[in-house]
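# Architecture and fold: a report
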Amino acid sequence: MKKISLLLVLVLVLSMFMVACSPAGDNKGGNNPGENTGSNTESGNTGAPTELVISTWGFNEDLLRKNIYEPFEKANNVKIVLEVGNNADRLNKIRLGSSNVDIIQLAEGFAIQAIEEGLFEKIDRSNIPNIQNLYDVAKAPFGEEYGPAYTVGRYGIMYDEAKVSKPIESWADLWDSSLAKQVIIPDITTTAGPFMPFIVGQIENLDVKTDIDAIFNKIKDLDNNLVKIYSKSSEVVNMFSQGEVSAVAGQDFSFGQVKDAVPTAKWVDPKEGAYAIVNTINIVKGTKNKELAEKFIDWILSEEVQKANAIDKVDSPANKNVVLTEEEASGLTYGADVINKLILADWKYIHSVNKEWIDRWNKEISSGN
């Protein structure tokens, strides 16, 4: 009996010693933007993951899951749900209150509409330290109360060197008679469409605020060269591939596909300057996950994510600390020497005249195309 009692005591002592010496968990610490700092740690959490709903575009989802969503989910006990579609449709869902979106990614022209309508939460920049690592154009496109841009692109000219009789160097070249029925431009309602009045103002030395009649007349003069006014970037790729067009005013994110289809295609930053295209990320008014949403924004701005997306040709990096090789940077809007030269459109003014410009465009420009 004494032997059994002694054995039990020894077992109890040994058990207490093992508990005291066991590790408390894998607490890595550090500055990882996706690292969980709350109670839902990877090692200790057994609760259901928090659902974070992100409204975004529907392209490159596999790469985005690999580079952004899955690492963030794992580090923060989160389940990311995507609501995909174009800018207008997704913004309308927010307006109507017909979705439970926490975070929304929008082009500038749609983001300013949402801000004017009070649809975004004001952010706490102290929770998003990676904002300080962005190029200036991306830090606060609509003021520091609202979200940053997570990628920077360009609006310029693509043309087929094999089909164009002389090099295109200026926005004004799109009006050249040698390009009769070889040009396409975006519709006024697209992301880059509102740039056209500004472009005409540049090449004709006109003011969009006081000389809008002359500007629209100049746009009408482009009709002889126009094949079509496009509303989707896929039309640009298809029409180039089929040899229907030789020159396009468009965004650089589609140039890779154009180049694959037409090896003689060339990208041009016009001598007057290419325009900045920035995609913004904001938190939707009324979300119950504001702090988590801010953590996600910080993660998507991190050097790690920005570089991964750049290498996979998903997005051009807005984080100025990202370093790419010449091959990795090919086809991207990359580097201070490129980004700091981009022209910034006055989106607040565009929003104020948006309806007027669209109505006039539909009557005078697109009616014949």
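What counts, and where the lines are drawn
- Residues numbered from 1 in each chain as written.
- Predicted model: local features only at pLDDT ≥ 70, side-chain atom pairs only at ≥ 80, totals over all residues.
- Heavy atoms only, no water.
- 1 Å grid on protein atoms, 1.4 Å probe; cavity = no way out; pocket = protein on both sides within 12 Å on 5 of 7 lines; lining within 4 Å.
- Points joined across faces, edges and corners; volume = space filled by probe spheres on them.
- Helix = DSSP H or I, 4+ residues; strand = E, 2+ residues; numbered from the N terminus.
- Nonpolar A, V, L, I, M, F, W, Y, C, P; charged D, E, K, R; others polar.
- Buried < 20%, exposed > 50% of the residue type's maximum accessible area, 1.4 Å probe, protein only.

Taking an unreviewed UniProt entry as the reference, the chain is identified by name as Putative spermidine/putrescine transport system substrate-binding protein belonging to Proteiniborus ethanoligenes.

So, on to empty space enclosed by the protein. Applying the stated criterion to the full structure yields one cavity of 30 Å³ or more. Looking at the largest cavity, the residues that line it are Thr56, Trp57, Phe59, Leu64, Ile68, Tyr69, Gln105, Tyr150, Asn279, Ile300, Asn309 and Asp315. Per-element accounting of the lining of the largest cavity gives the leading share, three residues, to helix α2 (residues 61-76). For the lining of the largest cavity, the per-class residue count stands at seven nonpolar, four polar and one charged.

Bringing the environment of Ala261 into the picture now. Mapped onto the fold, Ala261 is located in helix α9 (residues 255-261). A residue is classified by how much of its surface remains accessible, and Ala261, at 37% relative accessible area, is partly exposed. With 24 residues separating them in the primary sequence, Ala261 and Val237 have C-alpha atoms 7.7 Å apart.

What follows covers unusual backbone geometry. Non-glycine residue Asn60 carries a positive phi angle of around 55 degrees. Position of Asn60 relative to the elements: it lies in the loop between β1 (50-56) and α2. Given a relative accessible area of 31%, Asn60 falls into the partly exposed group. The backbone of Lys181 shows a phi angle near 55 degrees, a positive value even though the residue is not glycine. By relative accessible area, which is 49% here, Lys181 ends up partly exposed.

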